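Each chain, letter by letter, is given below.
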Amino acid sequence: MLLLIDTDPGVDDALAILMAHAHAEVLGLTIAAGNVGLAQTTANALKLVEVIGADTPVFPGCAAPLVHAPVADAAFIHGRDGFGDVGWPPATRKAENEHASLAMLRLTREHPHAITLVCIGPLTNLAVALKLDPRLPQRVARLVIMGGAVTGRGNYESVPVEFNIGFDPEAACVVFEAFPQFDLVDWEATTRHGIDHALLGQWFERGDERARFFEAISGHARAANLARGRAGLMAADALAMAVALQPELVTRAETRHVAVEMAGRLTRGATVVDWNGMLGRPANARIVMEADRARFEAMVAAALGGPG
Ligand code: BDR
Ligand code: CA
């Protein structure tokens, strides 16, 4: 399987990227601003690739949302540097000169119908790529998006909104309208598949240097999740990556039309689902409701270098 990952690392992005490298071929990481600023998310991606020992190219992309300044970043979960503020030395390797959106266009031309595109950050880079070349969806084998809160239980600045969509609603709207079909792993599915802290501790003990790195960078996020009384570590991007890597891991899904609210007074960035098919519009999203937890956990454990 060929993967192209659009990401804003980020702790759960890091876990997803570790999983991707353990289980598939990764053509590149295209980088967005989101959890923290673009310079930092790019630096984090480079560091992660170095820790993995891969030569995956890292393409920096858009430094800001398409239209409006973001309401907030997610440093309160991921740390000010996005990787838990543990002070790892920066990677020695450098990012590519090619812009993320252009890399998306080129790589999908070089590998038509072969790439699974996994978007685990705000959708700015993909929206720009779509504006440059509206035929892009025809060249992508599959699109998996981590984003949204399909019944309105979000995690961003207004109640019904999830971070990746709320950070850049215009970009999300462009993407949701351009792709006829995609898998959507939303925040609510994430909360149903939290990773147990004790289990994570066992994987840290049994794993290799990837486990040690992830243990260090995830400390801040684990504490933040515990402080919020959440059921385990919320690893949204890791769950999305598991769905990308093993589509059959999904045990329950609902296929519906999903649109993005851009103007709501209280709901800007909400993912609006036509649950009852009232609009007669094509169902663009396969919304993941449940995934096989054991298989998800086994994939995470393997990505940290240890048995499940
Ligand atoms: C999403 O927001 C980010 O903080 C995470 O990395 C994930 O992509 C979850 O809402
Ligand atoms: Ca992310």
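Calculation rules
Residues numbered from 1 in each chain as written. Chains lettered and ligands numbered in written order. Predicted model: local features only at pLDDT ≥ 70, side-chain atom pairs only at ≥ 80, totals over all residues. Heavy atoms only, no water. Helix = DSSP H or I, 4+ residues; strand = E, 2+ residues; numbered from the N terminus. Rg over C-alpha atoms; globule rule 2.2 N^0.38 Å. Buried < 20%, exposed > 50% of the residue type's maximum accessible area, 1.4 Å probe, protein only. Contact = heavy atoms within 4.5 Å. Areas by Shrake-Rupley, 256 points an atom, 1.4 Å probe, with all protein chains shown as cover. Lys, Arg positive; Asp, Glu negative; His and termini not counted. Charge placed at Lys NZ, Arg CZ, Asp CG, Glu CD. Near = heavy atom within 4 Å. Polar contact = N/O pair within 3.5 Å; in protein donor to acceptor, adjacent residues only side chain to side chain. 1 Å grid on protein atoms, 1.4 Å probe; cavity = no way out; pocket = protein on both sides within 12 Å on 5 of 7 lines; lining within 4 Å. Sits in = over half its atoms within 2 Å of the grid points. Nonpolar A, V, L, I, M, F, W, Y, C, P; charged D, E, K, R; others polar. Expected span 1.5 Å × (residues − 1). Points joined across faces, edges and corners; volume = space filled by probe spheres on them. Pairing = 2+ DSSP bridges. Axes fitted to C-alpha atoms, helices over the stretch in contact; angles between N-to-C directions.

Draft legend 1. Highlighting the overall build of the protein chain. Secondary structure assignment for the protein chain yields 14 helices and 10 strands. Taken over the C-alpha trace, the protein chain has a radius of gyration of 18 Å; the compact-globule value for 308 residues is 19 Å, and the two agree within 12%. C-alpha extents for the protein chain along the principal axes are approximately 50 × 40 × 35 Å. In the protein chain, which comprises 308 residues, the proportion classed as buried is 59%. In the protein chain, 82% of the contacts between residues at least 6 apart in sequence involve partners at least 24 apart. Of the roughly 11900 Å² of accessible surface on the protein chain, a fraction of 53% belongs to carbon and sulfur atoms. Treating the 26 positive side-chain charges of the protein chain as one cloud and the 35 negative ones as another, the clouds have centres 2 Å apart.

Draft legend 2. Examining the site of ligand 1 more closely. The local shell around ligand 1 holds 14 residues, among which D12, N35, N155, E162 and D237 are the closest. Between D13 and ligand 1, the recorded distance is 2.9 Å, taken from a side-chain N or O atom to an oxygen atom. Between an oxygen atom of ligand 1 and a side-chain N or O atom of H78, the distance comes to 3.0 Å. Within the complex, the protein chains bury 95% of what would otherwise be the 280 Å² of accessible surface of ligand 1. The cavity where ligand 1 resides is the largest pocket. Listing elements by their share of the shell around ligand 1, those giving two or more residues are α1 (11-23), α7 (163-167) and α13 (236-245). Of the residues assigned to the shell around ligand 1, the class counts are 6 nonpolar, 4 polar and 4 charged.

Draft legend 3. α1, seen in detail. Under the 1.5 Å per step criterion, the end-to-end length of α1 is 19 Å for 13 residues, consistent within 8% with the ideal 18 Å. Every buried residue of α1 is listed here: V11, D12, D13, A14, L15, A16, I17, L18, M19, A20 and H21.

Draft legend 4. Here's a closer look at the side chain of T30. Tracing the backbone through its elements, the reader meets T30 in strand β2 (residues 25-31). There is a polar contact of 2.6 Å between the side chain of T30 and the side chain of D6. Not counting the four nearest positions on each side in its chain, T30 is found in contact with L4, I5, D6, T7, F59, A100, A103, M104 and N125.

Draft legend 5. View of the layout of surface pockets. Of the volumes computed, that of the largest pocket is approximately 320 Å³. Going through the elements one at a time, α1, α3 (75-78), α7, α12 (219-227) and α13 are the ones with two or more residues in the lining of the largest pocket. Here the lining of the largest pocket is composed, by residue class, of 12 nonpolar, 5 polar and 7 charged. Residue lining of the second largest pocket: 13 residues in total, with Q40, N44, D81, W88 and P90 positioned closest to the centre. Here the lining of the second largest pocket gets 4 residues from one element, more than from any other, and that element is helix α2 (residues 38-52). Looking at the lining of the second largest pocket residue by residue, the class counts come to 8 nonpolar, 3 polar and 2 charged.

Draft legend 6. Focus on the pairing of strand β10 (residues 285-291). For β10, the buried fraction is high: 5 of the 7 residues fall into the buried class. When strand β6 (residues 182-185) meets β10, the two strands line up parallel, connected through 3 bridges. Bridging from a neighbouring strand, D183 pairs with R286 of β10.

Draft legend 7. Up close: the sheet that holds β10. With respect to topology, 8 strands assemble into an open sheet ordered β3-β2-β1-β4-β5-β6-β10-β7, the strand pairing being mixed. Two strands lie at the open edges of the sheet, namely β3 (58-60) and β7 (250-256), each paired on one side alone. Between one strand and the next, the sheet's axes are offset by a mean angle of 25 degrees, whatever the strand orientation. Each of β1 (2-7) and β2 is contacted by α1, which is oriented at about 170 degrees to β1, the strand it contacts most. Sitting on the sheet, helix α4 (residues 100-110) touches β1, β2, β3, β4 (115-119) and β5 (140-146), and the angle it makes with β3 is about 135 degrees.

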